[in-house]
Amino acid sequence: MSVVAPLSFQDLILTLHDYWGKQGCAILQPYDMEMGAGTFHTATTLRALGPDPWNAAFVQPSRRPTDGRYGENPNRLGAYYQYQVILKPSPPDLQELYLGSLHAIGIDPLLHDIRFVEDDWESPTLGAWGLGWEVWCDGMEVTQFTYFQQMGGFDCKPVSGELTYGLERLAMYIQNKDSIFDLVYNNATADRPAVTYGDIFRENERQMSTYHFEVADTDMLFDAFKKATAECESCLQHVLPIPAYEQAIKASHIFNVLQARGVISVQERASYMGRVRDLAKGSCQAWMAKNGWAA
Amino acid sequence: MTDFLLELRSEEIPARMQVKAKEDLARLFNDALAKAGLAAVSVETFATPRRLALIATGLPMATDAVSEETKGPKLGAPPQAMEGFLRKTGLTQDQLIERDGVYFAVVEKAGRQTADVLAEAIPAIIRAFPWPKSQRWGAASVSTESLRWVRPLQGIVALLGDDDVPCEIEGICSGAATMGHRFHHSGTIHIANAANYAAKLRDAHVLVHFSERCRIIRDGAKAAAEAAGLRLVEDEGLVVENAGLTEWPVPMLGRFDAGFLDVPQEVIQLTARVNQKYFVCHDKASKLANAFVCTANIDAHDNGAAIVAGNEKVLAARLSDAKFFWEQDLKVALDDQAKKLAQITFHEKLGSVADKVDRVAKLVRWLVEEGIVKGASADDAERAARLCKADLVTGMVGEFPELQGIMGGYYARAQGESDAVADAIRDHYKPVGQGDDVPMAPVTVAVSLADKLDTLAQFFAAGMPPTGSKDPFALRRAAIGFLSLLLQNDLRCSLKGMLVATGAGASFAILEEFLIDRLKVQQREAGVRHDLIDAMFSLGGEDDLVRLLARVKALQAYISTAEGANLLAAYKRAANILKGSDPVSPALDTARDALMADPANIALLSALDIAEPQAKKALAAEQFEDAMAALATLRAPIDRFFEEVMVNDEDAAKRAFRLGLLARFRDAVTQVADFSKIEG
């Protein structure tokens, strides 16, 4: 067997782009707003609604302020990257397509133990749920595989298949690294050395953790949450579901920062999440109505 | 006679659902057969992650022909009745037969081909299948009425003998083709008939017998541990779960850094078991070893080296997270953690967890100071109560909620609390349901009892008892725990007194009844009769549950003897005669001398004179067997009385006297138990 150098972080993304592009997916760019997961991208949330076919793949930078560890934990980040694929309606060979993508990035299923382990996905802030699995590679969760049943409180007609790859975990696996920060990001040439994930992002992790846990102005954030809520409602009144939804995303992120800052009590938590869910649901409802789709 | 094979192939079925799915498939299939008048000699079911299958043997090729007779109108009935009957049956009048003045329609139903019955039954079984959760998928899901299955259904194999049973559901057509192992076998496999199903799949790296996969995992995991000089911590739940995750299970041993063994072993075991489905191992000294056994689903071509390395890495990452939480939590005193409980709602009507802790702490002190829980220091007990919920806000319990209590025990010991206090914090959730260990250490008993008592009293006082199958606050479990603690520790006290001490509210009638009901459920397993519990409880005044149960047991022992059964029969007879009449004892005294002549009367009366005070004395001394023995002396005289004496004598004075005598007998028995509640 010839020894091939494992994919760099960027080649992992490029390989997936190439693979899913060949399957007929539109390769999109990340949504240019702070969000907790690729599912928040309008290409997933809004496009999962309605009858029109939709096939897309994209990287989504995902922010989880409470998961920040000042760049000191080798397995946790406050900001990371998800690779998201959405296929609507879910094709009959979705599992085969997915396994083909693992093959493309160099995972041999007769050398590594690939398993589909029950994991039903639910996003309380999006009013969404689906059935599926977390996909294990030698015991490590590398992908969330979901058949969306509801989005924004509406039945998905038809059902979309959604794949969410954790890029850092997958790269750690492929490159056999024990720390995210040691991941090789790009490909060295004779006169240009490779950089690591840590070279690029560790300082961001340090500063953003300090900001989210210690510095963020909570009065400003509470105020911003209120304003985003009001703005969302105003957009809905003007029958503008996309800008309304953007305000819902904004409110969701502000809520996440407030959580990290530790100023939302357990009692209040559910009520804040409920408010974000109402905004997201309202936006989805307006999107359905604007397109003339029946619930 | 022939055999039938059905395989429903789908994307991966959750492991936890497979055993139940096998049962459901057998049941639905047998029902469908029975409805058609068919039966199989045997039905065997199979489940793997990707298929649910069934083999029925000894099926007839067709159902028997039957002639069905339907009763129609009488001769000479109005013409409308006849018209209606003919319309319903689709016959003409000359096709009817007449018997005893009534028309009958006789329809000869030819036997049906079993294949036809099955072709109809398969889609019906699929549509009716009771998965705990099911989904829609694919293009058909534009309609919410589209087929649902646990995960997308991909193929159906249906073979009767060597022949296809053709059927179709939402574009999936049955046939003889299936798939082998996802990675070890590519392309389709053709199954000839039920007899070669298992063998064909075995050749394609699929073991369809759930029990065989379980055995391979059970034995293989044990052997892997032994080969490393270790002993597997057996776990049948994990065996079954891994069997549900694999079609070709291969257990393998991996290692982790011994440095992680500083973390409490429950944490290691939990993260290995719950998150990763790994077994853990003990070393020769029965200490947790730095090894685990994972179960792969392939025979890897490097013999699993890469798989073991990968799993080791995942576990190391999880353990380093756990170690981080452990070390962080140790930096904060439990007293400081406890302050944060004010932020956690216990229930919106019942305040925060801090409020609950405060109530429990007071109740604990009361239980000890009243002498209900003996052998505990009130200060220790209160200290344990004040800290018992503090671990809820630690990082570790946030990550592993199942470790509540256990972690609190570790953190308490680490900050220098006494063993009594740390043990109480660790064990105060116990017993969790029937069969769990019941705490016996006094401080633990006090905290555990107070915690459950508070929960019960508060929820009932706030009007939130369990209803029907709904018990969102697990009050039934709390009640069983409460009762087990009382009974096993022989805690003597008035139930009412304890309920009042909770300070939860005024009336506890519903809660008392609920607890008695739970007592019946709990004691059923021990063979204690529920009607005897009622017989004691309905006396009123007996709310010391330990004493109540002792009385019930003495009663049960007596009632189950021939003598006891006779006495019960005599009681019922007496109560029956007395029903409606309300005899007055004075008649007894005044008429006594005149009416004493009857020897049966004399015998009963003198027996009562002795037995009544004896029983009373024995009850006061809690000598319940003696009380029963006193009652037993009444058996012969009451039998004789019934044999020789006519109660309803024409002479009013005699009748009143005899009724009075019977009433006295009834009351003597009733001071021991309310025999009217006893069944049989």
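Residues numbered from 1 in each chain as written. Chains lettered and ligands numbered in written order. Predicted model: local features only at pLDDT ≥ 70, side-chain atom pairs only at ≥ 80, totals over all residues. Heavy atoms only, no water.

**Notes on the interface of chain B and chain A**
- The interface is formed by 52 residues belonging to chain B together with 44 residues belonging to chain A.
- Between chain B and chain A the total buried area reaches about 3800 Å² when both faces are included, carbon and sulfur atoms providing 52% of it.
- Lys133(B) serves as the salt-bridge partner of Asp120(A), at 2.9 Å between the closest nitrogen and oxygen.
- Where the side of chain B that touches chain A is concerned, the elements lending two or more residues are strand S16 (288–296) and helix H8 (305–330) of chain B.
- A per-element tally of the side of chain B that touches chain A places H8(B) first, with 11 residues. (Contact = heavy atoms within 4.5 Å. Buried area = accessible area lost by both parts, 1.4 Å probe. Salt bridge = Lys/Arg side-chain N within 4 Å of Asp/Glu carboxyl O. Helix = DSSP H or I, 4+ residues; strand = E, 2+ residues; numbered from the N terminus.)

**Here's the deal with the pairing of strand S7 (residues 140–151) of chain A**
All names here are of chain A.
- For S7, the tally of buried residues reaches 10 of 12 residues, placing the bulk of the element in the interior.
- From the end of strand S6 (residues 128–137) to the start of S7, which pair antiparallel, there are two residues, and Asp-138 there has a positive phi angle of about 50°.
- Relative to strand S9 (residues 161–166), S7 runs antiparallel, the two sharing five bridges. Bridging across to S9, Thr-146 finds its partner in Glu-162.
- As consecutive antiparallel partners, S7 and strand S8 (residues 154–155) are separated by two residues, and within that stretch Gly-152 has a phi angle of approximately 60°, a positive value. (Buried < 20%, exposed > 50% of the residue type's maximum accessible area, 1.4 Å probe, protein only. Pairing = 2+ DSSP bridges.)

**Let's talk about the side chain of Thr271(B)**
All names here are of chain B.
- Position of Thr-271 relative to the elements: it lies in helix H7 (residues 265–275).
- The exposure class of Thr-271 is buried, given its relative accessible area of 1%.
- Not counting chain neighbours up to four residues away, the residues in contact with Thr-271 comprise Gln-276, Leu-315, Arg-318, Leu-319 and Phe-400.

**Let's talk about empty space enclosed by the protein**
- According to the stated counting rule, one finds two cavities of 30 Å³ or more in the structure shown.
- Counted as a void, the largest cavity has a volume near 130 Å³.
- Per element, the largest residue contribution to the lining of the largest cavity is five residues, and it comes from strand S4 (residues 114–118) of chain A.
- Residues belonging to the lining of the largest cavity are distributed by class as follows: 10 nonpolar, two polar and six charged.
- Computed from the structure, the second largest cavity encloses a volume of approximately 100 Å³.
- Lining the second largest cavity we find 15 residues, and of these Asp113(A), Arg115(A), Trp136(A), Thr295(B) and Asn311(B) sit closest to its centre.
- Taken together, the elements giving at least two residues each to the lining of the second largest cavity come down to S16 and H8 of chain B. (1 Å grid on protein atoms, 1.4 Å probe; cavity = no way out; pocket = protein on both sides within 12 Å on 5 of 7 lines; lining within 4 Å. Points joined across faces, edges and corners; volume = space filled by probe spheres on them. Nonpolar A, V, L, I, M, F, W, Y, C, P; charged D, E, K, R; others polar.)

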